[in-house]
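Letter by letter, the chains look like this.
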There are 2 protein chains.
Amino acid sequence: MKSTIDEDLRAAGHRLTRTRRAVLGVLERTKYPLSASELYERLQKNKVSIDLVTVYRTLTVLRDLGVVAQIELHKEGQARFEIRHGREHHHHIRCQVCGRIADLLLCPLKKLTAFIEKETQFIVNEHTLEFSGLCPKCQ
Amino acid sequence: MKSTIDEDLRAAGHRLTRTRRAVLGVLERTKYPLSASELYERLQKNKVSIDLVTVYRTLTVLRDLGVVAQIELHKEGQARFEIRHGREHHHHIRCQVCGRIADLLLCPLKKLTAFIEKETQFIVNEHTLEFSGLCPKCQ
DNA sequence: ACCTAATTGCAAATCTCTTGCAATTATAAA
DNA sequence: TTTATAATTGCAAGAGATTTGCAATTAGGT
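This one's a predicted model, so the numbers in the text were calculated from it and none came from an experiment. (Residues numbered from 1 in each chain as written. Chains lettered and ligands numbered in written order. Predicted model: local features only at pLDDT ≥ 70, side-chain atom pairs only at ≥ 80, totals over all residues. Heavy atoms only, no water.)

Participant: What is the right way to look at the overall build of chain A in this model?
Facilitator: Helix and strand content of chain A: 5 helices and 6 strands. In chain A, the succession of helices and strands from N to C terminus is α-α-β-α-α-β-β-β-β-α-β. Once the C-alpha set of chain A is aligned to its principal axes, its extents read approximately 45 × 40 × 25 Å. Each of the 139 residues in chain A was classed as buried or not, and the buried ones make up 46%. Long-range pairs, those at least 24 residues apart, make up 43% of the contacts in chain A with a sequence separation of at least 6. Split by element, the accessible area of chain A, about 7700 Å² in all, is 48% carbon and sulfur. Within chain A, one finds 23 positive and 17 negative side-chain charges whose respective centroids are separated by 6 Å. (Helix = DSSP H or I, 4+ residues; strand = E, 2+ residues; numbered from the N terminus. Buried < 20%, exposed > 50% of the residue type's maximum accessible area, 1.4 Å probe, protein only. Contact = heavy atoms within 4.5 Å. Areas by Shrake-Rupley, 256 points an atom, 1.4 Å probe, with all protein chains shown as cover. Lys, Arg positive; Asp, Glu negative; His and termini not counted. Charge placed at Lys NZ, Arg CZ, Asp CG, Glu CD.)

Structural data, given as structure tokens:
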């Protein structure tokens, strides 16, 4: 997986540096999408000293290459990122009380996208579909 | 419609002031969701002098009452608001080039929501479903 | 080893949104 | 209509997320 990411980076004139490896490592070890500052905190806990700005820049590069997905959950006011490489396209649900995020390994939108393109004459490139509610513990 | 909004506000111990009427007026006249700063600009053009902070506070009150809906489009980094009163629940698509926003008068998620509740044991309270792509002019 | 371009850190700026506080205003009871 | 009370507003300041400028460092190819 990292080998493919390396190739993707190189193909775009970028490098897979120690820093980027560390960022990717944290993302790979986490089972839910992380915000830049959460990622930064985890790097610090791992004794990896990387500036928050570098985290942002790294995430931008990886996102533009399609290596990570940028996710915006409802009313969060910050972006989250997760590894996309090798994972099925999916969505999320977040608990409005404790903030727990769970994956939803589904996407009902293939047919709908075609319909929308016909109706609106837009070309649909992306969609966000995120749910929020109460997790079992918080109900 | 404004009469109902008035009732909703009063029922919650709030008032439908001149200021709030002006905010609602702009939202009613606009056919797509506005950000706080866009709303503020439009008020200024209408010679209505309302502080941006008041716009934010007004939108918060109206949103919490369910009078307006808060919408977050992909990679925008800001919230948008539109009147909900009397409108069907719906979604949006935004052009990645020119930013034009169109309504999508549909929602395919009723059945899916029930499915998600069964699968995850969450109670689903909200969802965001937004599309982005290229509008006819920008393709 | 050398050159060039990519990467990083640090400081500072920007943008969106929130909070504190005092002044103003609406509403309802007296 | 006067008064008391709570809601509303503006202004200044703060907080959080993200971006930009710039100089120093580093990786990779030649």
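What follows continues from the structure just given.
Participant: What is the right way to look at the relation of the copies chain A and chain B in this model?
Facilitator: Each of the two chain copies can be generated from the other by rotation about an axis followed by a shift along it. Between chain A and chain B, the superposition needs a rotation of 180 degrees and an axial shift of 0.0 Å, giving an RMSD of 0.1 Å. Read as a symmetry element, the transformation amounts to a two-fold axis. For chain A, the minimum C-alpha distance to the rotation axis belongs to Leu129(A) and amounts to 2.1 Å. A share of 100% of interface residues in chain A that are also interface residues in chain B marks the association as one of identical surfaces. (Least-squares fit on C-alpha atoms with pLDDT ≥ 70 in both.)

Participant: What should I look at first to understand the domain arrangement of chain A in this one?
Facilitator: How large an interface is tends to be reported as the accessible area lost when its parts come together. All names here are of chain A. By domain assignment, chain A separates into domain 1 (1-87) and domain 2 (88-139). Here the C-alpha centroids of domain 1 and domain 2 sit 21 Å apart. In this assembly, 12 residues from domain 1 lie in contact with 10 residues from domain 2. When the buried surface of domain 1 facing domain 2 is broken down by residue, Leu 73, His 74 and Arg 87 rank first, second and third, together holding 51% of it. (Domains from an automatic or database assignment. Buried area = accessible area lost by both parts, 1.4 Å probe.)

Participant: Looking at this structure, how should I read the sheet that holds strand E6 (residues 123-134) of chain B?
Facilitator: Backbone-to-backbone hydrogen bonds join strands into a sheet, with any given pair of strands oriented parallel or antiparallel. The strand order across the open sheet formed by 6 strands is E5(A)-E4(A)-E6(A)-E6(B)-E4(B)-E5(B), and the pairing between neighbours is mixed. Edge strands, defined here as strands with exactly one partner in the open sheet, are strand E5 (101-104) of chain A together with strand E5 (101-104) of chain B. The mean inter-strand angle of the sheet, taken between neighbouring strand axes irrespective of direction, is 25 degrees. Bridge count for strand E4 (residues 91-95) of chain A against strand E6 (residues 123-134) of chain A is 4 bridges, and the pairing is parallel. (Pairing = 2+ DSSP bridges. Axes fitted to C-alpha atoms, helices over the stretch in contact; angles between N-to-C directions.)

Participant: Can you walk me through the protein's contact with DNA strand D in this structure?
Facilitator: Close to DNA strand D lie 22 residues, the nearest being Arg15(B), Thr17(B), Thr19(B), Arg20(B) and Thr54(B). Within 4 Å of the protein, the contacting atoms of DNA strand D are drawn from sugar and phosphate to the extent of 68%. One of the side-chain nitrogen or oxygen atoms of Thr19(B) is found 3.0 Å away from a phosphate oxygen of DNA strand D. Of all the secondary-structure elements, those providing two or more residues to the surface near DNA strand D are helix H4 (52-64) of chain A together with helix H2 (18-29) and helix H4 (52-64) of chain B. Element by element, the count of residues in the surface near DNA strand D is highest for H4(A), at 4 residues. Of the residues that constitute the surface near DNA strand D, the class distribution is 6 nonpolar, 8 polar and 8 charged. (Near = heavy atom within 4 Å. Polar contact = N/O pair within 3.5 Å; in protein donor to acceptor, adjacent residues only side chain to side chain. Nonpolar A, V, L, I, M, F, W, Y, C, P; charged D, E, K, R; others polar.)

Participant: Whenever I open this one, the protein's contact with DNA strand C confuses me. Can you help?
Facilitator: What surrounds DNA strand C is a group of 21 residues, the closest being Thr17(A), Thr19(A), Arg20(A), Thr54(A) and Tyr56(B). In DNA strand C, atoms within 4 Å of the protein come from the sugar-phosphate backbone in 68% of cases. At 3.2 Å, a backbone N or O of Ser49(A) approaches a phosphate oxygen of DNA strand C. Between DNA strand C and Arg57(B), the relevant distance is 3.2 Å, taken from a base oxygen to a side-chain nitrogen or oxygen of the residue. Residue composition of the surface near DNA strand C, by class: 5 nonpolar, 8 polar and 8 charged.

Participant: Where do I start with helix H2 (residues 18-29) of chain A in this structure?
Facilitator: In an α-helix, one full turn covers 3.6 residues, which means residues spaced three or four apart are oriented alike. The terminal C-alpha atoms of H2(A) lie 16 Å apart, and with 12 residues this matches the ideal 16 Å at 1.5 Å per residue to within 8%. Every buried residue of H2(A) is accounted for by Arg20(A), Ala22(A), Val23(A), Leu24(A), Gly25(A), Val26(A) and Leu27(A). (Expected span 1.5 Å × (residues − 1).)

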